[in-house]
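Observations on chain architecture
Now for the letters of each chain:
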Amino acid sequence: MSGVIVTDPPKAQAKDVEALSGYGVATVSEVMGRTGLLGSHLRPIQQDTRIAGTAVTVLSWPGDNLMIHAAVEQCGEGDILVVTTTSPCTDGLFGELFATALQQRGVRGLVIDTGVRDTSELREMGFPVWSAAVSAQGTVKATGGSVNVPIVIGGQVIHPGDVIVADDDGVVVVPREKARQAAEASEARENKEAATRAAFLEGQLGLDRYNLREKLVQLGVTYRSYEEYTRGGDDS
């Protein structure tokens, strides 16, 4: 497998990344039409952490972390390393030493569609990771791959420089050219949800706030007392 290392790809503007960092993955995905989620198989090794940054992408051979070494050089302040392999793999391609090098360069975290190890050390050093597996299985450094090319995780295309948002709920990618729009839409959604939350605290029901009672009627859903329901049929 040959490959390419692309240097200095365009990135989303820092102010838009910062704006998106204030919103959860669910909110960002919703405002983009419920798109961008990288799949429920990517889970955080830590809890109560949210990050946002620009993607540095890696395409590696299964069981081979050579291209992660190459990618470290391409990473900088505010980036998130995003790694996948040419075919499914759960080996531990990434560990504490990689995190040390990336943290020193200002990288905010890792999203990896394969395995990670040294999870205790990663949590202790405060380096956030979302991975498809946890595995102590080691790897080799023998096969070429690519850095900063489009990759696919969970059916979503991730371009270098796109915005990655990750939290306890998962990971979402925002195309860099849509970052500002997504941030503004997320703010509007948060404001709307705040108003709904206040209404719920005052006792309003979702059935009424979202006008769902008519929907129940349209779907043929009826109300019956417990006595009517357990008796069944009618009274004739």
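Scroll up for the structure.
Presented here is an overview of the structure given in this document. Quantities reported herein were computed from a predicted structural model and do not represent experimental measurements.

1. Points about the overall build of the chain
A tally of regular secondary structure across the chain gives nine helices and 11 strands. Against the compact-globule benchmark of 18 Å for 236 residues, the chain has a radius of gyration of 23 Å, which places it well outside the compact range. Referenced to the eigenvectors of the C-alpha coordinate spread, the extents of the chain come out at roughly 80 × 40 × 35 Å. By residue count, 43% of the 236 residues in the chain fall in the buried class. In the chain, the share of contacts with a sequence separation of at least 24, taken over all contacts with a separation of at least 6, comes to 74%.

2. Some details on the nonpolar core
If you look at the biggest cluster of nonpolar residues, it comprises 25 residues, and the most contacted ones within it are Leu81, Phe94 and Phe127. The set of elements that each furnish at least two residues to this core consists of strand E2 (51-60), helix H3 (66-72), strand E3 (79-85), strand E4 (92-94), helix H4 (96-104) and strand E5 (109-116). Broken down by element, this core gets its largest block of residues, five residues, from H3. If sequence neighbours within four positions are ignored, Leu81 has contacts with Val56, Val58, Ile68, Ala71, Cys75, Phe94, Leu102, Val107, Gly109, Leu110 and Val111. Membership of the second largest hydrophobic core comes to 16 residues, among which are Ala55, Ile158, Ile164 and Val173.

3. Some details on the pattern of salt bridges
Applying the stated rule across the entire model yields seven salt bridges. Across the salt bridge formed by Glu193 and Arg189, the nearest N and O atoms sit 3.3 Å from each other. Of this pair, Glu193 and Arg189 both sit in helix H6 (residues 179-201), separated by four residues, roughly a single helical turn. The exposure class assigned to Glu193 is partly exposed, which follows from its relative accessible area of 28%.

4. Re H6
The terminal C-alpha atoms of H6, which comprises 23 residues, lie 32 Å apart, in line with the 33 Å expected from a rise of 1.5 Å per residue. Along H6, the residues that are buried comprise Ala179, Ala182, Ala183, Ser186, Thr196 and Ala199. Looking one or two residues past H6, Gly203 carries a phi angle of roughly 105°, positive in sign.

5. Quick notes on the side chain of Asp167
Checked against the element boundaries, Asp167 lands in strand E10 (residues 163-167). Polar contacts involving the side chain of Asp167 include one to the main-chain amide nitrogen of Val25, which spans 2.9 Å. Here Asp169 takes part through its backbone nitrogen, which lies 2.8 Å from a polar atom of the side chain of Asp167. Once residues within four sequence positions are removed from consideration, Asp167 is found in contact with Gly24, Val25, Pro44, Thr49, Arg50 and Trp130.

6. Concerning H4
Every buried residue of H4 is listed here: Phe98, Ala99 and Leu102. The arc that holds every buried residue of H4, seen down its axis, measures 95°, which confines them to one face. Along H4, the residues that are exposed and aim more than 90 degrees away from the buried face are Leu97 and Gln104. Contacts from the buried residues of H4 go to H3, E3, E4 and helix H5 (119-125).

Cut-offs used in this document
Residues numbered from 1 in each chain as written. Predicted model: local features only at pLDDT ≥ 70, side-chain atom pairs only at ≥ 80, totals over all residues. Heavy atoms only, no water. Helix = DSSP H or I, 4+ residues; strand = E, 2+ residues; numbered from the N terminus. Rg over C-alpha atoms; globule rule 2.2 N^0.38 Å. Buried < 20%, exposed > 50% of the residue type's maximum accessible area, 1.4 Å probe, protein only. Contact = heavy atoms within 4.5 Å. Core = buried A, V, L, I, M, F, W, Y, C linked by side-chain atoms within 4.5 Å. Salt bridge = Lys/Arg side-chain N within 4 Å of Asp/Glu carboxyl O. Expected span 1.5 Å × (residues − 1). Polar contact = N/O pair within 3.5 Å; in protein donor to acceptor, adjacent residues only side chain to side chain. Arc of directions from axis to C-beta.

Purely geometric numbers; function is a separate question.
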